[in-house]
Structure formats: C-alpha cells, structure tokens
Amino acid sequence: MSKARRFILHFSSVVLFALAVVPVARAAGRIECRAMASQILARPVRYCVLLPPSYDTEKARRYPVLYYLHGLGDNEQSLVNFGGWNLVENLREQGRIGEFLIAAPDGGRSFYVNSQDGRERYEDFFIREFLPLIDRNYRTRATRAARGLTGFSMGGYGALRFAFVYPQLFGSVSAHSAAVMAQMPRVSLSGSPGGGRTAGLLGGVFGSPPDATYFDRMNPLTLARQASGLVSLKIYFDCGSDDHYGFDAGARKLDEALKARGIAHEFHIYPGGHDFTYIAQHMPASLEFHSRAFGLIPARR
C-alpha cells in the first residue's frame with residue numbers, strides 16, 4: 001500500500017470517528033473547484049473554495065477567508081480528498097468555529113516561493129493574481145483582519161513565510177508540521193541526497209544544486225528573526241514530537257526566534273508523526289484559532 005493511501009485511510013478514520021462521536025444535523029455548505037488562467041505562471045492553476053452554509057442564502061453578507069496551502073505531493077483538493085471538509089462542517093455544527101471561506105490553490109512542488117532561477121514565480125502568482133481573484137469573485141471581507149493562512153508541511157512553510165513577508169495583508173497564520181529547517185539539508189555534488197530524506201524534498205526550487213544563500217533568504221526562520229510588522233500578527237503552529245523529517249527541531253527554533261523578539265504566538269509539540277492522522281487531530285485547534293482571529297467566536301479567557 002502506498003504512503004499516500006495509508007495517509008488517506010488514517011485521516012479518514014480519525015474524521016469518521018469524530019463524526020460518529022458527535023451526531024449533527026449537517027448544514028449545506030458547498031465546494032467549488034475551478035481553474036484560473038495565470039499570466040505570471042503561463043498556465044492554468046486549479047483551486048477549490050469551500051463555502052459556508054449561509055453563503056448562498058445571505059446574499060449581502062461578506063466573509064473572512066482562510067487560505068489553505070497543501071503539502072508536497074498533494075493538490076488543491078487535499079482537504080476534500082482527506083476528509084477535511086467533513087471536519088470543518090462538523091466543527092461549525094458544534095459551534096466551535098464560525099463561517100468563513102477556505103480557498104485552496106494548487107501549489108505543486110513550489111514551496112510557495114519564486115524559484116531561485118526565476119522560472120516558477122509562485123509567490124508573485126499567489127499575491128498578485130490569486131488573492132485578487134478570490135476577492136473579486138467571492139463576497140470576501142478584503143481586509144487584513146479577515147484574511148488568514150494555514151497549511152501542512154510544505155504548506156505550513158508557505159503559510160508562515162507569506163504571513164511573515166506580507167503582514168500587511170494577513171492578520172493570522174497557523175501551521176501544522178511546517179517544513180521549517182534551521183539550515184539547508186546537505187546535497188552531494190552529484191545531486192543525490194546527502195542529508196537524509198529532507199534533502200530530497202527541495203527539488204529545484206532553491207537552485208540545482210540548492211543555493212544555501214537563497215534557501216536562507218526564503219526561510220521562515222530568517223524572517224522570524226528579522227522581518228518587521230510581526231507584532232500585530234496572530235501566530236499558531238504545532239508539530240509532532242516524532243516528525244520523521246525532523247521538522248519538530250525547526251518548530252522549536254521558530255518558537256525560540258519569536259520569543260527572543262517578544263512576538264506573541266502559540267506553539268505546541270504534540271505526540272505524533274508527519275502524517276494526516278496528526279493533522280486531523282490538531283486541525284480543529286487552528287481552525288478555532290482563526291475563528292477567534294476573525295472575531296467569529298469569543299476569545300479565550
């Protein structure tokens with residue numbers, strides 16, 4: 001059985017267990033999956049938008065948007081395919097989160113950055129084309145306070161980085177098992193991985209062979225130590241203590257960097273590995289975190 005198939009089965013079992021424990025009368029939200037023509041990337045980019053139950057009935061209402069960035073090897077439909085939509089709907093029915101849109105673009109293997117060679121300008125696409133498309137085509141509250149980011153693994157890296165680079169655009173960010181590394185994994189001169197399985201994740205995004213200077217410049221850790229405007233950003237991240245890529249070490253370094261600057265944030269190391277069982281267990285916490293940031297549910301006392 002493939003690793004992806006095992007992830008799906010594990011994630012689905014956790015979600016189905018949660019649904020069985022709390023019976024609900026399901027409200028009718030819906031999902032739109034489309035493609036946009038990107039001039040920057042010179043190709044169509046697929047995306048899905050998860051719309052809350054009241055979207056089609058309260059025509060004058062505008063909604064916050066949470067941008068979900070998938071992990072390496074997934075696509076814009078990962079939340080749907082892995083049962084995340086059922087989890088979102090269930091949390092809404094329980095009153096644990098409010099109503100907001102979730103927009104999920106296909107990020108390929110981009111790490112959500114402009115590639116070192118300039119051929120793949122994903123960051124430019126996301127900021128200059130995708131965000132305006134969502135605000136133009138959906139009834140969003142197009143303000144910083146009503147715009148959040150979340151992601152898993154590569155998507156957690158992208159979410160943290162976008163928030164740290166563009167704190168004027170995003171009011172909240174969360175990440176599960178983010179692919180944050182204190183330093184670039186070693187790669188041999190022949191191009192074969194020389195620093196464990198993490199080296200093989202980088203592909204050609206950061207150069208071929210990877211450029212350490214570019215890697216450091218893109219690194220959310222570097223931004224956490226240097227970027228301005230983070231004080232007003234609401235930040236949540238967690239990671240499994242047995243993350244088999246070692247991203248728990250990067251998460252701890254990120255916690256230290258933010259603490260050193262006095263930047264408020266919520267951070268947790270939980271038991272678990274780097275898989276969809278882990279994210280299914282902890283996604284409710286980040287969805288509640290964003291609901292509080294959007295002002296949709298009361299703040300914690």
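Quantities reported herein were computed from a predicted structural model and do not represent experimental measurements.

### What to know about the environment of L131
So, step 1. Relative to the helices and strands, L131 resides in helix α4 (residues 122-137).
So, step 2. In sequence terms L131 and A142 are 11 residues apart; their C-alpha atoms lie 9.3 Å from each other.
So, step 3. Apart from the residues within four sequence positions on either side, L131 is in contact with Y67, F126, R147, L169 and F170.

### Concerning α4
So, step 1. The principal kink in α4, of about 30°, is found at F130, preceding the proline P132 by one to four residues.
So, step 2. Where α4 is concerned, the buried positions are Y122, E123, D124, F125, F126, I127, E129, F130, L131, L133 and I134.
So, step 3. In the core, the buried residues of α4 are packed alongside β1 (30-38), β2 (43-51), β3 (65-69), β4 (101-105), β5 (147-151) and α5 (154-165).

### Concerning the pairing of β4
So, step 1. The element β4 is extensively covered by neighbouring structure, given that five of its five residues are classed as buried.
So, step 2. Every second residue of β4 is oriented toward a common face, with L101, A103 and P105 on one face and I102 and A104 on the other, all of them buried.
So, step 3. The pairing of β2 with β4 spans four bridges and is classified as antiparallel. Across the sheet, the residue bridging to L50 is I102, located in β4.
So, step 4. Relative to β4, β3 is paired through three bridges, and the arrangement is parallel. Considered in β4, the bridge of V65 is made with L101.

### Here's the deal with empty space enclosed by the protein
A water-sized probe, rolled over the atoms, reveals where empty space remains.
So, step 1. Evaluation of the coordinates by the stated rule reveals two cavities of 30 Å³ or more.
So, step 2. Here the largest cavity defines a volume of roughly 50 Å³.
So, step 3. For the largest cavity, the full set of lining residues is L66, Y68, L79, I102, T150, G151, H176, I279, M283, S286 and L287.
So, step 4. Residue assignment for the lining of the largest cavity shows that the elements contributing at least two residues are β3, β5 and α9 (276-293).
So, step 5. Top contributing element to the lining of the largest cavity by residue count: α9, with four residues.
So, step 6. Taken together, the residues of the lining of the largest cavity break down into seven nonpolar, four polar and no charged.

### A short note on the pattern of salt bridges
So, step 1. In this structure the tally under the stated criterion is 17 salt bridges.
So, step 2. For R46, the salt bridge identified is with D106, shortest N-O distance 3.1 Å. One end of the pair, R46, is in strand β2; the other, D106, is in the loop between β4 and α4, and 60 residues separate them in sequence.
So, step 3. You can call R46 partly exposed: its relative accessible area is 42%.
So, step 4. The salt bridge partner of D117 is R119, with a shortest N-O separation of 3.8 Å.
So, step 5. Look at R119 and you get exposed, because its relative accessible area is 77%.

### A short note on the sheet that holds β4
So, step 1. A sheet is described by the order of its strands in space; here eight strands give the open sequence β1-β2-β4-β3-β5-β6-β7-β8, paired in mixed fashion. Since the sheet does not close on itself, it has two edges, and those belong to β1 and β8 (266-270), each with one partner. Each strand of the sheet is rotated relative to its neighbour by a mean of 15°, with strand direction disregarded.
So, step 2. With two bridges connecting them, β5 and strand β6 (residues 172-176) associate as parallel partners. Looking at the pairing, G148 lines up with S172 of β6.
So, step 3. The strands touched by α5 are β3, β5, β6 and β7 (234-240); relative to β5, the strand with the most contacts, the crossing angle is about 150°.

### Some thoughts on the state of the cysteines
So, step 1. Following the criterion strictly, the structure yields one disulfide and no others.
So, step 2. With a sulfur-sulfur separation of 2.0 Å, C33 is cross-linked through a disulfide to C48. Taking the sign of the torsion about the S-S bond as the criterion, the disulfide between C33 and C48, at about 105°, is right-handed. Of this pair, C33 sits in strand β1 while C48 sits in strand β2, and the two are 15 residues apart along the sequence.
So, step 3. Given a relative accessible area of 42%, C33 falls into the partly exposed group.

Quick notes on the rules
Residues numbered from 1 in each chain as written. Predicted model: local features only at pLDDT ≥ 70, side-chain atom pairs only at ≥ 80, totals over all residues. Heavy atoms only, no water. Helix = DSSP H or I, 4+ residues; strand = E, 2+ residues; numbered from the N terminus. Contact = heavy atoms within 4.5 Å. Bend = angle between axes of the 7 residues up to and from the residue. Buried < 20%, exposed > 50% of the residue type's maximum accessible area, 1.4 Å probe, protein only. Pairing = 2+ DSSP bridges. 1 Å grid on protein atoms, 1.4 Å probe; cavity = no way out; pocket = protein on both sides within 12 Å on 5 of 7 lines; lining within 4 Å. Points joined across faces, edges and corners; volume = space filled by probe spheres on them. Nonpolar A, V, L, I, M, F, W, Y, C, P; charged D, E, K, R; others polar. Salt bridge = Lys/Arg side-chain N within 4 Å of Asp/Glu carboxyl O. Axes fitted to C-alpha atoms, helices over the stretch in contact; angles between N-to-C directions. Disulfide = S-S within 2.5 Å.

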